[in-house]
Amino acid sequence: MSKNLIYGPVPSRRLGFSLGVDLVPYKICSYDCIYCQLGPTPATTMARKPYIASEVILAHLDARLKEGVRPDFITLAGSGEPTLNSEIEAIIRGIKTLTEIPVAVLTNGSLLTDEKVRRDISGADVVLPSLDACDAEVFLKINRPHRDISFETMAEGLVAFRQAYAGKIWLEIFLAAGVNAEEAMIRKFKVWTDRIHPDKIHLNTAVRPTAESYVYSVPEEKLLMFCKTLGENAEIIAPFKKHSKNNGSTDIRAKILDLLDRRPCTLPDIASGLGSHQNEILKYIEPMISDQEIEARRIDEKIFYRRKRTE
Ligand code: SF4
C-alpha cells in the first residue's frame, strides 16, 4: 500500500508541478461520479477514518522531499475523497513543519457540510472543490452521491466554507454534454457561484474515457460561452489545445509508449508495469491522447489504451 502514497511531481493544468499525496485507499469516496477516471465506486461512504495514518503519510513525504524534489504544490488528493481521512488536519499541519511548499486540497466538497471538516482543511493554501450540479436532479445524475448527502446541504457547505476560509478557492465544474451543459443550467450554476464566490472557476469536460461510456465532451466554443455567463473568474481547464508535447517527463511517456507497443493495457496495468500511481499515469495519458500517440477503447467495461498506428 505505502509504495505509491506519494506520486509525481506530475504536470497539472491547475497546479503546475504537483506532488500528489494519496490520503485514502482506492475509491474510498462519497460520490460515484459518472465521469470518474478511476472507474466506478464500489460503495459510497461518508465514514471518516484514519484510512492511512498521518505519521505514515508524513514519513513518506519527508523521505520524498529529502530527495530534493521541489514541486509547485503538494496536493492532497489520490484515489478517492481525501477529506474522508480523519487525520487530514494533522497531515496539513505536519506538512507545514516539513516544507514551505504550498499545500492544495483536491476535494469533491461533499463533506464541507461538516464544520469540523471545514476547520480541518483550513490550513491549506488552496482548496479545489467541485460543484458539478446546479440542482438536486443533476446532482443525482452526475455525482451519484451517498444517500446522506443532499444537493442543498452540499452547496450550502461550500458557501459556509468560503465564509470561514481565508485561502484561495478554485472551484471546478465538470460539464458533460446532455447532463449539465445547457445554458439554462449554467445560469442556475451562477446563482450558486455568486454565493460561493470562488477565486477562480475552472470548467472541465471529458477528454479521456470515464466511468460511464455515455459521458460526452462539451465543445470548446460552448465552454467559452459558459465562461462568459459565469463571469470573468471562469476559465477552461480542459486540454483542447495541442501543445502538450513538452508536458511532463518524456522518459515516462516513452516508457508508456514502449509498454503499449507490446500490448493494449488498462490504467492499473500501466501503473503497475511502471511502478507508478494511477493518478500519475493519468496525467501522461491525457496529453498522449491529445497528441494522437495513443488511443483508448472500452472493452467489457474496462478501458484499454493502445499505441495509435498511423497507417
Ligand atoms: S469524487 Fe472524485 S474520486 Fe470520487 S467518484 Fe467523483 S471523480 Fe471519482
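Everything numeric here is computed off the predicted structure, so don't read it as measured data.

A. Quick peek at the environment of T99. Within the secondary structure layout, T99 lies in the loop between α2 (88-98) and β4 (103-107). T99 sits 83 residues away from G16 along the chain, and the two C-alpha atoms are 17 Å apart.

B. Seen up close, α2. Listed as buried for α2 are I88, I91, I92 and I95. Looking straight down α2, one finds its buried side chains confined to an arc of 95°; they lie on one side. Of the surrounding elements, those touching the buried residues of α2 are α1 (54-66), β3 (73-77), β4 and α3 (115-120).

C. Expanded view of the confidence of the model for the chain. Averaged over the chain, the pLDDT score is 90; the fraction of residues at 70 or greater is 94%. Scored below 50 in pLDDT, residues 242-247 shows nine contacts in the model against residues more than four places distant or in partner chains.

D. Representation of the site of the ligand in the model. Around the ligand sit C29, Y31, D32, C33, C36, L38, T41, G80, E81 and N108, and those are all the residues in its vicinity. Across the shell around the ligand, the residue classes break down as five nonpolar, three polar and two charged.

E. Just the sheet that holds strand β6 (residues 168-175), in detail. Spatially, β1-β2-β3-β4-β5-β6-β7-β8 is the arrangement adopted by the eight strands of the open sheet, whose pairing is mixed. At either margin of the open sheet sits one strand with a lone partner, and together these are β1 (6-12) and β8 (234-236). Recorded for the sheet is a direction-independent mean angle of 25° between the axes of neighbouring strands. Where β4 meets strand β5 (residues 126-129), four bridges bridge the pair, whose relative direction is parallel. Across the sheet, the residue bridging to V105 is V127, located in β5.

F. Representation of the environment of I289 in the model. Looking at the element boundaries, I289 is found in helix α10 (residues 278-290). On the basis of neighbour counts, which here come to 19 C-beta atoms within 10 Å, the residue I289 falls in the partly exposed class. Between the alpha carbons of I289 and Y305 there is a distance of 9.3 Å; along the sequence they are 16 residues apart.

G. Spotlight on the packing of helix α5 (residues 151-164) against helix α6 (residues 183-196). At a minimum axis distance of 8 Å, the contact between α5 and α6 shows a crossing angle of 25°. By the angle class used here, α5 and α6 are roughly parallel. Within the contact between the two elements, α5 uses A155, L158, V159 and R162 and α6 uses W192, R195 and I196.

H. Highlighting the domain arrangement of the chain. For the chain, the domain assignment lists domain 1 (2-240) and domain 2 (241-311). Placing the centre of domain 1 and that of domain 2 at their C-alpha centroids yields a distance of 23 Å.

I. Structural view of unusual backbone geometry. The omega torsion of the bond from G8 to P9 falls at 10°, within 30 degrees of zero and hence cis. At R144, a residue that is not glycine, the phi angle is positive and equals roughly 40°. Looking at the secondary structure, you find R144 in the loop between α4 (136-142) and α5.

J. Just the packing of helix α9 (residues 267-274) against α10, in detail. Remark: α9 packs on α10, axes separated minimally by 9 Å, with the N-to-C direction vectors making an angle of 110°. With respect to their mutual orientation, α9 and α10 come out roughly perpendicular. Where α9 approaches α10, its residues L267, P268, I270, A271 and L274 are matched on the opposing element by Q278, I281 and L282. Counted by class, the contact of α9 with α10 contains seven nonpolar, one polar and no charged residues.

K. Molecular detail of α1. Under the 1.5 Å per step criterion, the end-to-end length of α1 is 18 Å for 13 residues, consistent within 8% with the ideal 18 Å. Against the buried residues of α1 lie β1, β2 (16-22) and α2. The positive-phi residue at the C-terminal boundary of α1 is G68, with phi of around 95°.

L. Spatial organisation of the nonpolar core. Ranked by size, the top nonpolar core spans 66 residues in total, and within it L23, L76, A104, V105, I173, L175 and A176 carry the most contacts. Not counting residues within four places of it along the chain, the set of residues in contact with I173 comprises L131, D132, F189, I201 and L203. Of all hydrophobic cores here, the second largest spans eleven residues; its members include I270, I281, I303 and Y305.

M. Highlighting the pairing of β6. A large share of β6 lies buried, amounting to six of its eight residues. Pairing analysis gives six bridges linking β6 to strand β7 (residues 200-205), with the strands arranged parallel. Opposite I173, over in β7, you have L203 as the bridge partner. A crossover links β6 with its parallel partner β7, the connecting element being α6, and its sense is right-handed.

Scoring rules and cut-offs
Residues numbered from 1 in each chain as written. Predicted model: local features only at pLDDT ≥ 70, side-chain atom pairs only at ≥ 80, totals over all residues. Helix = DSSP H or I, 4+ residues; strand = E, 2+ residues; numbered from the N terminus. Buried ≥ 20, exposed ≤ 12 C-beta atoms within 10 Å, placed from the backbone. Arc of directions from axis to C-beta. Contact = placed C-beta atoms within 7 Å. pLDDT = per-residue confidence, 0-100. Near = placed C-beta within 6 Å. Nonpolar A, V, L, I, M, F, W, Y, C, P; charged D, E, K, R; others polar. Pairing = 2+ DSSP bridges. Axes fitted to C-alpha atoms, helices over the stretch in contact; angles between N-to-C directions. Parallel < 35°, antiparallel > 145°, perpendicular 65-115°, else oblique. Domains from an automatic or database assignment. Expected span 1.5 Å × (residues − 1). Core = buried A, V, L, I, M, F, W, Y, C linked by C-beta atoms within 7 Å. Right-handed = clockwise from strand over helix to strand, strands pointing away.

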